[in-house]
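What the coordinates show
So you can see what is in the structure, the chains are spelled out below.
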Amino acid sequence: MSPVARNFEEIAPGRWRLDKNADRAMQADAEVFASRQILQQALDDASIEQVVNVACLPGLVGSSLAMPDIHYGYGFCIGGVAAFPADGGIVLPGGVGYDINCGVRLLASSIPVEEFTAAAESVGYAILQRIPTGLTPRSNYRLNKKEFQRVLSGGAREIIRNFSGAVADLDGIESGGCLPFDSPGVISPKAYERGAPQVGSLGSGNHFIEVQAVEEIYDLPAARVFGLEKSRVAVMIHTGSRGFGHQIASDYIETFRKRNLAGLKLRDPQLVYASISSAEGRNYLQALNAASNFAWANRQLLQEDIAAIFERILRLGRDKLGLRLVYDQAHNIAKFEKHEVAGRTAELLVHRKGATRAFPPGHPDVPEKYREVGQPVLIPGSMGSCSYVLRGTAMGAELTFSSSAHGAGRRLSRHQAVKLAAQSDIRERLRKNGVLVFSLSSQGLKEEIPEAYKNIDDVVAVTVASGISEKVARLRPLLVIKG
Amino acid sequence: MILPAGFCVTWQKMRKYETFSTSADMGIRFKGGDFRELYENALRGLNVLLFGANLRGTAGCAAVPFRFHGDGPENVLVNFLAAVLSQAYQQRKRVAAIRFGQAGRSFLDAKLLVIPCRRPPKIEIKSVTYHNLRLVEAGGLMRAAIVFDV
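Residues numbered from 1 in each chain as written. Chains lettered and ligands numbered in written order. Predicted model: local features only at pLDDT ≥ 70, side-chain atom pairs only at ≥ 80, totals over all residues. Heavy atoms only, no water.

Broken down by element type, chain B carries two helices and eight strands. Secondary structure of chain B in N-to-C order comes out as β-β-α-β-α-β-β-β-β-β. The C-alpha atoms of chain B give 14 Å as radius of gyration, which agrees with the globular expectation for 150 residues (15 Å, within 12%). Each of the three principal axes of chain B carries a C-alpha extent, and together these read 40 × 35 × 25 Å. Residues counted as buried form 57% of the 150 residues belonging to chain B. Contacts spanning at least 24 positions in sequence make up 63% of the contacts within chain B whose residues lie at least 6 apart. Total accessible area on chain B stands at roughly 6,200 Å², and carbon and sulfur atoms take up 49% of it. Taking the average place of the 21 positive charges on the side chains of chain B and the average place of its 11 negative ones, the gap between the two points comes to 9 Å. (Helix = DSSP H or I, 4+ residues; strand = E, 2+ residues; numbered from the N terminus. Rg over C-alpha atoms; globule rule 2.2 N^0.38 Å. Buried < 20%, exposed > 50% of the residue type's maximum accessible area, 1.4 Å probe, protein only. Contact = heavy atoms within 4.5 Å. Areas by Shrake-Rupley, 256 points an atom, 1.4 Å probe, with all protein chains shown as cover. Lys, Arg positive; Asp, Glu negative; His and termini not counted. Charge placed at Lys NZ, Arg CZ, Asp CG, Glu CD.)

And the structure:
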């Protein structure tokens, strides 16, 4: 850890700043939203260095930001946010991450928790049987090239139009589940090859499907608006753009390197960037939109699969299940957004890598049905701990370009987690706590033990204390299907 | 404490390759007296992460050509290891060994000797990153560390 990184000052509760004068290369301040303990963890795992490295990038607007779930990534830290001017600014694939539009979808339901608990095991087996998880490269949906192209152009809209789903769902998806994409040529044949067979699959690692109980409501009016009711079942889906997004990120990091390497002075080669207006910058943004559309389509298909399983196992029609989309949001993405900067509205390209968009009440991009209370912010915990639903605030708009945490954030490495998991039977331990866990990979399960993550309550407490989001509800896991 | 990628104070004592973890991802450190050794040790390290084992005999292997000319050894390493991952996940094949044609600072011309995987890889490595990747040359040895997106 460099001595520079130690010079963070707490300028407000849960808000730490490193002045840009601390390091000659810094172009802007670095700010971390964290408790003292979380900041110390970030200093220990060197993720603070990554926040500082981003502050050295040219044209950064405001500060290089890190959310309370900050942890070590590659190039950018996870939980990092950086904004650049739409006009004359830069775009960097490392600021989005490899799993483009990795995100979370939350469904509410009318199912009482007790009713679900009786059928939980059967539902778990059925999901594991139906939905491809883990390393498997193939999904249940065989898309030909034309169909796949339409998914890349239409995202969740295409799934609803030609497969299944309700048009009303589109209201509850960030950007309506579709970003503009009309340049198939910007995507490599390798990306098509990796992506086409994977639409409608969960993937591995920290991806999951979780059935949860709405355990606590903190903000009743907002919870009502979001359709969340205490002691009812909710479903959370966490996945992204699978191999397709990864290939696009890899391809464009190579392209950016070829074009720009000699001219860039980077502290970390993973932070390679291009001008937004350059041909490679524009092509990357197009490809990013295609991968984002893939991810929204993917989560839409998983939602439909889960709804069909609930219908079959619980023997209830869709109306009685009341399964409805609350919100679907990306946490690895770069998007053009309008923000107030120094009293003026500016159009920015906001990079969020492991960070959630959190627009405040009244924002025009919040679905009309939620506009009065603000955008839902979904913060999943680890498989043994609760998840939270929050909402965006005006203070978040002011301090973080309307960004918030995206999860608990890892604390232990995978090696450390596996070592710790060897000491107990993780499935049995969680079962005793009322959580059923299903996974085809016991190695993957060990890597994802609850202790591998920060305490979600601490992350949410800092998020709330610093004013960047407000708590709405807490969700307790009942059934976890791990990728 | 989790050590950041590339952090290793014992390069001289280090084996030819080692694996390590960051908080979210995994990686390999490796060294070599020349580029052939460097690239081969990188392959060995990746094989340990993927299959828990080193290279094996080449009986029954098919040869897949790999040719890459890049802007430097980092560029070659990333693309070489990405090709190994592609064999593992898309082709379901394990690169058991490498036969060098030419290997240098910015190029690698080789044959990857592949054999069908009896078991799938232990983990899903999705991408090879350039994170903090810089080839260091000192004392007649070259060394580098690569972080994989897991």
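For Arg414(A), the location among the structural elements is in helix H11 (residues 414–421). With residues near it in sequence (within four places) discarded, Arg414(A) still touches Glu447(A), Glu448(A), Ser21(B), Thr22(B), Ala24(B), Asp25(B), Met26(B) and Val150(B).

Next up on the list: the sheet that holds strand E2 (residues 15–18) of chain A. Residue and element names in this part refer to chain A. As summarised here, the arrangement of the seven strands in space is E1-E2-E3-E4-E5-E13-E12, forming an open sheet in which the pairing is mixed. Single-partner strands in this sheet number two, and they are strand E1 (9–12) and strand E12 (332–341). Put simply, the sheet's adjacent strands are angled 30° from each other on average, direction ignored. As paired strands, strand E5 (residues 78–85) and strand E13 (residues 344–353) are joined by six bridges and run antiparallel to one another. Its bridge partner being in E13, Val 81 is matched across the sheet by Arg 352. The sheet contacts of helix H1 (residues 36–44) involve E1, E2, strand E3 (30–33) and strand E4 (61–71), and relative to E4 the element is tilted by about 95°. Lying over the sheet, helix H8 (residues 279–314) contacts E12 and E13, oriented at roughly 110° with respect to E12. (Pairing = 2+ DSSP bridges. Axes fitted to C-alpha atoms, helices over the stretch in contact; angles between N-to-C directions.)

Here we come to the packing of aromatic side chains. One pair of aromatic rings is described through two measures. These are the centre distance and the angle between the planes. All names here are of chain A. Using the criterion set out here, one finds 18 aromatic pairs over all chains in the structure. Seen in terms of ring centroids, Phe 148 and Phe 244 are 5.6 Å apart; in terms of plane orientation they differ by 85°. Their pairing is edge-to-face. You can see Phe 148 sitting in helix H4 (residues 145–162) and its partner Phe 244 sitting in helix H7 (residues 242–260), a full 96 residues away along the chain. By relative accessible area, Phe 244 is classed as buried at 0%. Aromatic side chains Phe 256 and Tyr 284 sit 5.9 Å apart centroid to centroid with 75° between the ring planes, which places their arrangement in the edge-to-face category. Here Phe 256, found in helix H7, pairs with Tyr 284, found in helix H8; they are 28 residues apart in sequence, far enough to count as distant. Using a relative accessible area of 0% as the deciding quantity, one classes Tyr 284 as buried. Within the aromatic cluster, the residues linked to one another by ring pairs are Phe 148, Tyr 192, Phe 244 and Phe 294. The ring of Tyr 453 is capped by Arg 410, whose NZ or CZ atom sits 5.3 Å from the centre of that ring. Over the ring of Tyr 218 we find Lys 471, and its NZ or CZ is 4.2 Å from the ring centre. (Phe/Tyr/Trp six-rings, centres within 6.5 Å; stacked < 30°, edge-to-face > 60°. Lys NZ or Arg CZ within 6 Å of the ring centre and 35° of its normal.)

With that settled, the discussion passes to the interface of chain A and chain B. Note: interface size is frequently given as the accessible area lost on complex formation between the parts. Contact residues are listed per partner, giving 41 residues for chain A and 37 residues for chain B. In total, chain A and chain B occlude about 3,200 Å² of area from one another, counting both sides; carbon and sulfur atoms represent 49% of this. Taken together, chain A and chain B are joined by two salt bridges. Salt-bridge contacts for Arg242(A) lead to Glu124(B); the nearest nitrogen and oxygen are separated by 4.0 Å. Applying the counting criterion to the chain A and chain B interface returns 22 residue pairs in polar contact (both at pLDDT 80 or more). For the side of chain A that touches chain B, the secondary-structure elements that each account for two or more residues are helix H5 (189–195), H7, H11 and helix H13 (442–447) of chain A. (Buried area = accessible area lost by both parts, 1.4 Å probe. Salt bridge = Lys/Arg side-chain N within 4 Å of Asp/Glu carboxyl O. Polar contact = N/O pair within 3.5 Å; in protein donor to acceptor, adjacent residues only side chain to side chain.)

Residues and elements named next belong to chain A. Alignment of E1 against E2, held across three bridges, turns out to be antiparallel. Bridging from a neighbouring strand, Ala 12 pairs with Arg 15 of E2. Pairing analysis gives four bridges linking E2 to E3, with the strands arranged antiparallel. Residue pairing for E3: Trp 16 is matched across the bridge by Val 32.

Another point: the sheet that holds strand E4 (residues 93–103) of chain B. Residues and elements named next belong to chain B. Strand order across the open sheet formed by three strands is E3-E5-E4, with antiparallel pairing between neighbours. Both outer strands of the open sheet, strand E3 (62–69) and E4, are each paired with one neighbouring strand and no more. Strand-to-strand twist in this sheet, taken as the mean axis angle between neighbours without regard to direction, amounts to 25°. Sitting on the sheet, helix H1 (residues 35–51) is in contact with E4 and strand E5 (107–116), with an inclination near 175° to E4. Most of the contacts of helix H2 (residues 73–89) go to E3, to which it runs at about 150°, and overall it touches E3, E4 and E5.

Residues and elements named next belong to chain B. In this model, chain B carries a mean pLDDT of 89, and residues with pLDDT of at least 70 account for 90%. In this model residues 1–7 is a low-confidence stretch, pLDDT under 50, and it forms 23 contacts with partners more than four residues away in sequence or in other chains. Overall fold confidence (pTM) sits at 0.93, and the ipTM for the predicted complex is 0.85. (pLDDT = per-residue confidence, 0-100.)

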